[in-house]
Amino acid sequence: MRNPTADASRPRSVALGFAITSTLCLGVVSEAGAGRPNVVFFAVDDMCDWAGPLGYEQAVTPNLDRLARRGVTFTNAHTAGIYCAPSRTAIFTGRHASTTGCYTTAPYFFVDPDIRPLQVAFSDAGYRTYGAGKLFHHPEGMIDRRGWTEFFLRSQAQRESGWPLNSWEGDDVPFNDRKPYGPFNAGLERISGGLFLEWAAVPDEDEARMADTQRIEYACDTIRSAEEPFFVGVGLYAPHFPNYAPQKYFDLYDRDAIEPPPYLDDDLDDVPEPMRRQMENRRRRHQDELVRRDLLKDALHGYLASISYADAMLGRVLDALDESGQADDTVVVFWSDHGYHHGEKGNWGKHTLWERTSSVPFLWAGPGIARGEVVDTTASLIDMFPTFVDLCGLEADDTLEGVTLADTLRDPASAEDRFVLLPSNRPDEFAVFDQDWRYIRYQNGTEEFYDLTADAHEWHNLANDPEYASTMRAVAAHGPTSFAPMAPDKPKLKLIVEGESYRWELKPAAKPKKKPAGTGRKTK
C-alpha cells in the first residue's frame, strides 16, 4: 500500500487586516480556455453517507441515483475537517489544518492572503465564476470574496452586514420568527445551540421562499445563461439543522418504519478520556431525551426529509444542465462538508475523528469520466483541488495536498487505496485511515485503533492490544510529524464592515505568533 504523505511548508505570516471586495481577483486572468469543461460544484451540509448510491436503502434520493448512473461514486470518501469551517477551508485552499493552522473558525484569507483559493484558480484560468449559498462557513465575514464573477446573496441587508448566510432568518423565508416548531424543543422560549434538534414540515407552497431553493434557482438561471467555461458553486444549508423541509419530503417516509442506526451500549468503555466523558455527556441527549420521549424516529425523519429536499434541489440543477445542452460539457461534483452521527458512539452531531463524522457522499460525473462506476478505495475531499487542476487545466500548484483523482475518474479500475489524513480542531490531534485501519491520536497522547474490515462500526478499540502494536505504529506513521500553531479564530478577531465590504483585524489582546518555516506535512 502506498504512503502518500510528504513534507509541506508552513503558511506565510499572519496578516493583521485584509479588505476584500466583491469582484477582486488575484493574478492575471488567462485567455478563456476553449474546450475546458464547465464545472458545477454542489455542496450540502452535515450529510453523512445516507444516500441510495452509497447503499443506504432508507433514503429517497432519485437524483443522486441519477448522478451516480452518469458518473463515479466514491463509497469510501471522507472529509478533511471535523466540522464546517475547517472542512471548507481545506477544500478551498487545498491544504490541511495541520499546514494552515485553520483548525476552527480562522478565516484562511486573513491568516494567509497569499494562498490562492480554488475559485481564484478557476478565475485565473479564464473561467466565469459564480457562487451561491453555503460554500464557506455561514456566519458573517467567512466568504472569501476574491475571484468571483458574482456571488449571490438574498438581500441587500446581507451584503451590508458581512455577508452572513443566515438561512432561517429574515422576512423572506418561512419560519422566520425562529420559534421552535419541532417536538424536541416545544415550549422553549429559546433553543440552545441555535436550532439544534429542531425539525418540522414547511408548507409545500412555501418551498420557493426557502433560502436553499432561492440559491438553487440562481444556480439554474446561471447555468442556462452563463458564458463558457463557467464554474458554478452552490451550497445548501440542508440537511444541517434545523431540519425544516417541505411537507412532501416528509411524506416520502413512513416514520414508524424508519430504522435507527446500530448502537452498542458499552461502546464508550474503551474510548480514552476526555473524549469518553464528552461523548457520555452527549449520549444523555440521545438516550435521556430522544429515546425516552420517543422522538428518535421523528428526528431521523426530519433528517431524511431534508436529505430528500437536497436531492430534489440537485435534480433541478441536473435538469438545468440538460435543458441548456451543456450536460455533456460539464463536470458535476456532489459533496458534503462532513458526515453526521445519529447516536452512534453517543454523539448526535459531528466534531469527532470517527467514521460517522468523516464519511461523506462524493460523486463525480462529466466529460471523460466513467459512467455508472463505483470506487471503494479511500478518497478525501481535499483531493478536489488537484483533481480540478488536471481536469480543467488550472495552473499547477505543487503546494496542494491530497492527490488528483483524474486517472481514477477516467479508469476506476486503476484506483489504489491509500491513507488519508483528518486533522482535529487543535494541533497534535488527528486520524489517519485507509480501507483497513483507522488510527486516532488525541492531544493528550491517548490513542484509538480500529480494524475496519472486522469492525466497521469502530466499536472495539485495539490501541492497548499488544497483538496490534506494530500495525498501529505503522499506520500512525502516515500522520503529520509536526503541526502549524493554531491560527487566530473568530473570538480573537474583530470584523470590520465597510459598506458591502468587510475585513478582519486582530483584537488588541490577540498577539500573532510567528510560524516556523519548513514544518508540517502534506498528503500526496
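Residues numbered from 1 in each chain as written. Predicted model: local features only at pLDDT ≥ 70, side-chain atom pairs only at ≥ 80, totals over all residues. Heavy atoms only, no water.

Chemist: Please explain the overall build of the chain as it appears in this structure.
Modeler: What the chain contains, in helices and strands, is 14 helices and 24 strands. For a compact globule of 524 residues, the expected C-alpha radius of gyration is about 24 Å, and the chain comes in at 22 Å, within 12% of that figure. With respect to the principal axes defined by its C-alpha atoms, the chain has extents near 60 × 55 × 55 Å. The 524 residues of the chain split such that 63% are buried. Of all intrachain contacts in the chain linking residues separated by at least 6 positions in sequence, the fraction that spans at least 24 positions is 74%. The chain carries 56 positive and 80 negative side-chain charges, and their two centres are separated by 7 Å. (Helix = DSSP H or I, 4+ residues; strand = E, 2+ residues; numbered from the N terminus. Rg over C-alpha atoms; globule rule 2.2 N^0.38 Å. Buried < 20%, exposed > 50% of the residue type's maximum accessible area, 1.4 Å probe, protein only. Contact = heavy atoms within 4.5 Å. Lys, Arg positive; Asp, Glu negative; His and termini not counted. Charge placed at Lys NZ, Arg CZ, Asp CG, Glu CD.)

Chemist: Explain empty space enclosed by the protein to me, please; I cannot follow it from the model alone.
Modeler: Over the atoms, a rolling probe the size of a water molecule traces out where space has been left empty. What the rule picks out here adds up to four cavities of 30 Å³ or more. In this structure, the largest cavity is lined by 13 residues; those nearest its centre are Leu 197, Phe 241, Asn 243, Tyr 340 and Trp 348. Here the residues of the lining of the largest cavity sort into nine nonpolar, two polar and two charged. (1 Å grid on protein atoms, 1.4 Å probe; cavity = no way out; pocket = protein on both sides within 12 Å on 5 of 7 lines; lining within 4 Å. Points joined across faces, edges and corners; volume = space filled by probe spheres on them. Nonpolar A, V, L, I, M, F, W, Y, C, P; charged D, E, K, R; others polar.)

Chemist: When you look at helix 9 (residues 275–291) in this model, what are you seeing that I'm missing?
Modeler: Since one α-helical turn is 3.6 residues long, residues separated by three or four positions face the same way. Compared with the 24 Å implied by 1.5 Å per residue over 17 residues, the 22 Å span of helix 9 between its first and last C-alpha is a close match. Bending of helix 9 peaks at approximately 25° at the position of Arg 283. Every buried residue belonging to helix 9 is among Met 275, Met 279, Arg 283, His 286 and Leu 290, and all of these are buried. (Expected span 1.5 Å × (residues − 1). Bend = angle between axes of the 7 residues up to and from the residue.)

Chemist: How do you make sense of the side chain of Lys 134 when you look at a structure like this?
Modeler: When you line up the elements, Lys 134 lands in the loop between strand 6 (128–133) and strand 7 (150–152). Lys 134 gets classed as buried once you look at its relative accessible area, which sits at 0%. Separated by 3.1 Å, the side chains of Lys 134 and His 138 make a polar contact. Residues in contact with Lys 134, not counting those within four places in the same chain, are Ala 43, Asp 45, Cys 84, Arg 88, Leu 165, Gly 235, Leu 236, Tyr 237 and His 240. (Polar contact = N/O pair within 3.5 Å; in protein donor to acceptor, adjacent residues only side chain to side chain.)

Chemist: Just to check I follow, could you spell out the sheet that holds strand 17 (residues 379–380) for this structure?
Modeler: Pairing between sheet strands relies on hydrogen bonds along the backbone, with the strands arranged either parallel or antiparallel. Taken in spatial order, the three strands make up an open sheet running 14-5-17, and their pairing is mixed. The outermost strands of the open sheet, each flanked by one partner alone, are strand 14 (359–360) and strand 17. Relative to strand 14, strand 5 (residues 77–78) is paired through two bridges, and the arrangement is antiparallel. Across the sheet, residue His 78 finds its bridge partner in strand 14, namely Ser 359. (Pairing = 2+ DSSP bridges.)

Chemist: Which parts of the structure should I look at to understand the packing of helix 1 (residues 62–70) against helix 10 (residues 296–324)?
Modeler: Two packed helices can be described by the angle between their axes and the distance between those axes. Contact pair helix 1 / helix 10: the axes reach a minimum separation of 7 Å and the direction vectors enclose 45°. Here helix 1 is positioned oblique relative to helix 10, judged by the angle of their axes. Only Asp 311, Ala 312, Leu 314, Gly 315, Leu 318, Asp 319 and Asp 322 of helix 10 make contact with helix 1, whose side of the interface consists of Pro 62, Asn 63, Leu 64, Arg 66, Leu 67 and Arg 70. Residue composition of the contact of helix 1 with helix 10, grouped by class: six nonpolar, two polar and five charged. (Axes fitted to C-alpha atoms, helices over the stretch in contact; angles between N-to-C directions. Parallel < 35°, antiparallel > 145°, perpendicular 65-115°, else oblique.)

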